[in-house]
Amino acid sequence: MKIRALTAPSARSGLSFSEMDVNPDGEHDVVIRVTHCGICHSDIHMIDNDWGMSNYPLVPGHEVVGIVEETGRAITHLRSGDRVGFGWQRGACLQCADCLGGNENLCDASQGTITHGYGGFASHLVADGRFAFPLPEGIPSVSAGPLLCAGITVYGGLRSAGMRGGQRIGVIGIGGLGHLAVAFARALGNEVVAFTTSEDKAKFAVDLGAHEAVVHRDGEFDRPPGKPCDIILSTAPASIATSAFVNLLASDGTLCFVGVPDKPLSIDLFPLLVKRRRIMASPIGGRSMITSMLRDADRFGVAPVVETFPMCKADEALEKVRSNRIRYRAVLVA
Ligand SMILES: NC(=O)c1ccc[n+]([C@@H]2O[C@H](COP(=O)([O-])OP(=O)(O)OC[C@H]3O[C@@H](n4cnc5c(N)ncnc54)[C@H](OP(=O)(O)O)[C@@H]3O)[C@@H](O)[C@H]2O)c1
Ligand SMILES: [Zn+2]
Ligand SMILES: [Zn+2]
């Protein structure tokens, strides 16, 4: 079938509409008519080939919301007309220990929505229906997309780092991922401290539920943050002053990266050793984690703060994300 999609022809180029061929496999694929698609910073890393793994023409978009139009023979949990969300992952082997353990996101055969096919900046997304999630009625379509990548990434990262409520959680970077991390951590019963490089976001972070907001730059803080944190989640898409944040962790505390630094980490071991602290990183979340995240977002009213743009203004929206001027997630509307 033919779809109309916004494509990047090469690294760091603008997007333009093209007609593309896609072929549903008839078995597991679903055809989703896209109504909304969030813009994640990973779309920008991919458009710019920051990770050296982009294939062109590239169709970005992995925070997809739409209506199912067709389902393959083996798809029984979805019907034509259902409203679904689709995130970063479009495939996995579904047979390895990770997949069987509910961690499809860790599968060696994992396939990305925009690394192994065309993404959601398009009229339609054609992809494996086993990675499409029916959306709870209480979550509006304009809010749902960002939950499918930003939301699950911070929810999965915090859960995997040991968040269970009653802890002190730090969040570095109050962007698309970070503002949802503040909201989830607060809704799930934690004390939250937001770390931002943007002074205007400090008040917003508190309005969103943070108990404290600290402005940071190059490992310096505008004032000493209060008590140590049990978990600090970094959502920054660039390198941070890792040692300065390790020093803010409690004993047995965890610094968890979900944002991707642009340089290898360089860290003195002693601040980790003497307090038995850990550093980890976490990719998105498995299917059962996504289902739990959607349930908690619905139950606690966790929703992204969005700026909407028509699909044809995608370049304008991407530029605002690149320059850290989006407040707080850009969503393209078909
Ligand atoms: N692990 C995963 O599975 C996964 C999934 C999705 C995205 N990601 C990655 O997560 C990162 C964030 O994505 P996003 O969509 O949230 O991006 P975003 O909306 O651009 O937000 C990132 C925030 O990080 C802060 N920041 C930006 N540049 C910085 C710098 N040089 N130093 C320190 N802080 C900086 C800014 O917050 P302040 O203004 O508050 O400082 C910015 O708003 C990206 O690297 C993306 O690829 C990973
Ligand atoms: Zn993403
Ligand atoms: Zn697997």
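Residues numbered from 1 in each chain as written. Chains lettered and ligands numbered in written order. Predicted model: local features only at pLDDT ≥ 70, side-chain atom pairs only at ≥ 80, totals over all residues. Heavy atoms only, no water.

### With respect to the sheet that holds strand 12 (residues 212-217)
Thinking step 1. The seven strands are arranged 13-12-11-10-14-15-16 in an open sheet whose pairing can be described as mixed. For this open sheet the edge positions go to strand 13 (220-221) and strand 16 (278-281), each flanked by a neighbour on one side alone.
Thinking step 2. Note: strand 14 (residues 229-234) against strand 15 (residues 249-257), five bridges, orientation parallel. Within strand 15, the residue paired with S234 across the bridge is F257. (Pairing = 2+ DSSP bridges. Helix = DSSP H or I, 4+ residues; strand = E, 2+ residues; numbered from the N terminus.)

### What about the site of ligand 1?
Thinking step 1. Within the structure, ligand 1 sits among 28 residues, and H41, T196, T197, S198 and R329 are positioned closest to it.
Thinking step 2. Between ligand 1 and the protein, one listed contact pairs an oxygen atom with a side-chain N or O atom of H41 at 2.7 Å.
Thinking step 3. Here an oxygen atom of ligand 1 sits 2.6 Å away from a polar atom, N or O, in the side chain of R329.
Thinking step 4. Look at ligand 1: alone it shows 930 Å² of surface, and the protein chains cover 87% of it. (Near = heavy atom within 4 Å. Polar contact = N/O pair within 3.5 Å; in protein donor to acceptor, adjacent residues only side chain to side chain. Areas by Shrake-Rupley, 256 points an atom, 1.4 Å probe, with all protein chains shown as cover.)

### Observations regarding the coordination of the zinc ion (ligand 3)
Thinking step 1. The zinc ion (ligand 3) binds to the protein through C93 (SG), C96 (SG), C99 (SG) and C107 (SG); the donor distances cover 2.3 to 2.4 Å.
Thinking step 2. With four donor atoms in place around the zinc ion (ligand 3) and angles of 104 to 118° between them, the coordination shape is tetrahedral.
Thinking step 3. Along the chain, the residues donating to the zinc ion (ligand 3) are arranged with the sequence spacing C-x2-C-x2-C-x7-C.
Thinking step 4. Residue classification places C96 among the partly exposed residues on the basis of a relative accessible area of 24%.
Thinking step 5. Note on C99: relative accessible area 6%, which makes it buried. (Donors = N, O, S within 2.8 Å, 3.2 Å for Na, K, Ca; no water. Tetrahedral: all angles 85-135°; square planar, octahedral: opposite > 155°, others 65-115°. Buried < 20%, exposed > 50% of the residue type's maximum accessible area, 1.4 Å probe, protein only.)

### Remarks on the domain arrangement of the protein chain
Interface size is often expressed as the accessible area that is lost when the parts come together.
Thinking step 1. Domain boundaries assigned for the protein chain yield domain 1 (2-148 + 284-333) and domain 2 (162-281).
Thinking step 2. Centre-to-centre, using C-alpha coordinates, domain 1 lies 27 Å away from domain 2.
Thinking step 3. The interface of domain 1 with domain 2 comprises 17 residues on the first partner and 17 residues on the second.
Thinking step 4. For the pair domain 1 and domain 2, the summed buried area comes to about 1,400 Å², and 70% of that belongs to carbon and sulfur atoms. (Domains from an automatic or database assignment. Contact = heavy atoms within 4.5 Å. Buried area = accessible area lost by both parts, 1.4 Å probe.)

### With respect to the pattern of salt bridges
Thinking step 1. Taken as a whole and judged by the stated rule, the model has 20 salt bridges.
Thinking step 2. A single salt-bridge network, built from bridges that share partners, covers R168, E191, E212, R223 and K227. (Salt bridge = Lys/Arg side-chain N within 4 Å of Asp/Glu carboxyl O.)

### Considering the packing of aromatic side chains
Thinking step 1. A full pass over the atoms with the stated rule returns five aromatic pairs.
Thinking step 2. The interplanar angle of 70° and the centroid separation of 5.3 Å between the aromatic rings of Y155 and F184 together place this pair among those described as edge-to-face. Of this pair, Y155 sits in helix 3 (residues 141-160) while F184 sits in helix 4 (residues 176-187); the two residues are 29 residues apart in sequence, bridging distant segments of the chain.
Thinking step 3. For Y155, a relative accessible area of 1% corresponds to the buried category.
Thinking step 4. For F184, a relative accessible area of 1% puts it in the buried group.
Thinking step 5. An aromatic cluster of three or more residues is present, and its members are F195, F221 and F245.
Thinking step 6. Geometry around Y328 places R327 over its ring, the cationic atom sitting 5.8 Å from the centre. (Phe/Tyr/Trp six-rings, centres within 6.5 Å; stacked < 30°, edge-to-face > 60°. Lys NZ or Arg CZ within 6 Å of the ring centre and 35° of its normal.)

### Let's talk about the packing of helix 3 against helix 4
Thinking step 1. Where helix 3 contacts helix 4, the axes come no closer than 9 Å and their chain directions differ by 55°. Taken as axis vectors, helix 3 and helix 4 run oblique relative to one another. Seen from above, helix 3 lies across helix 4 with right-handed handedness. Contacts between helix 3 and helix 4 involve P146, L147, A150, G151, T153, V154, Y155 and L158 on the former and, on the latter, G176, L177, L180, A181, F184 and A185.
Thinking step 2. Along the lines of polarity and charge, the residues of the contact of helix 3 with helix 4 split into 11 nonpolar, three polar and no charged. (Axes fitted to C-alpha atoms, helices over the stretch in contact; angles between N-to-C directions. Parallel < 35°, antiparallel > 145°, perpendicular 65-115°, else oblique. Left-handed = near helix turned anticlockwise from the far one by under 90°. Nonpolar A, V, L, I, M, F, W, Y, C, P; charged D, E, K, R; others polar.)

### Quick look at the coordination of the zinc ion (ligand 2)
Six octahedral donors around a metal ideally sit at 90 or 180 degrees from one another, while four tetrahedral donors ideally sit at 109.5 degrees.
Thinking step 1. Within the first shell, the zinc ion (ligand 2) binds the protein through C40 (SG), H62 (NE2) and C149 (SG), at distances of 2.1 to 2.3 Å.
Thinking step 2. Going along the chain, you hit the donors of the zinc ion (ligand 2) in the pattern C-x21-H-x86-C. Of the two residues, C40 is situated in the loop between strand 3 (29-39) and helix 1 (41-47) and H62 in the loop between helix 1 and strand 4 (64-71); the sequence distance between them amounts to 22 residues. For the pair formed by C40 and H62, the shared burial category is buried.

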